[in-house]
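# Chains, contacts and geometry: an overview
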Amino acid sequence: MRNIIYQLTEENYQVINEVRATLNMMASMGLSDSNDSCNDLSKEDLICVLSQAECRLKQVLQNTAYK
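Predicted model, so just to flag it, every value in this text is computed and none were measured.

## Comments concerning the state of the cysteines
- Scanning all chains against the criterion turns up 0 disulfides.
- Lacking any disulfide linkage, Cys55 is separated from the closest cysteine sulfur, that of Cys48, by 9.8 Å.

## Quick word on the environment of Ile16
- As for its placement among the helices and strands, Ile16 is situated in helix α1 (residues 10-31).
- When the C-alpha positions of Ile16 and Arg56 are compared, they lie 8.2 Å apart, and in sequence the two are 40 residues distant.
- Sequence-distant contacts of Ile16, defined by excluding residues within four places in its chain, comprise Leu8, Leu57 and Val60.

## Points about helix α2 (residues 43-62)
- Here α2 is 20 residues long and its end C-alpha atoms lie 28 Å apart, about the 28 Å a rise of 1.5 Å per residue gives.
- All buried positions along α2 are accounted for by Val49, Ala53 and Val60. One side of α2 holds all its buried residues, which, seen down the axis, span an arc of 35°. For α2, exposure combined with an orientation more than 90 degrees from the buried face picks out Lys43, Glu44, Ile47, Leu61 and Gln62.

## Points about the side chain of Asn12
- Within the element layout of this structure, Asn12 appears in helix α1.
- Under the relative-accessibility criterion, Asn12 is labelled buried at 6%.
- Apart from the residues within four sequence positions on either side, Asn12 is in contact with Val60, Asn63 and Thr64.

Rules used throughout
Residues numbered from 1 in each chain as written. Predicted model: local features only at pLDDT ≥ 70, side-chain atom pairs only at ≥ 80, totals over all residues. Heavy atoms only, no water. Disulfide = S-S within 2.5 Å. Helix = DSSP H or I, 4+ residues; strand = E, 2+ residues; numbered from the N terminus. Contact = heavy atoms within 4.5 Å. Expected span 1.5 Å × (residues − 1). Buried < 20%, exposed > 50% of the residue type's maximum accessible area, 1.4 Å probe, protein only. Arc of directions from axis to C-beta.

Structure representation (structure tokens):
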């Protein structure tokens, strides 16, 4: 098995954290049964958010150097 080490820029690291936070928020909105959450996510909203996350992560991957 080959170990690949990625070198992220601060900007790319920030993008990854933003995507992670967005996906965590979406998961909690869809799974939580508390009165404070919004369970009314439409399929279109979910697809849009996931598509944007995919695009942002693809940009990070293209801009990331590895050894």
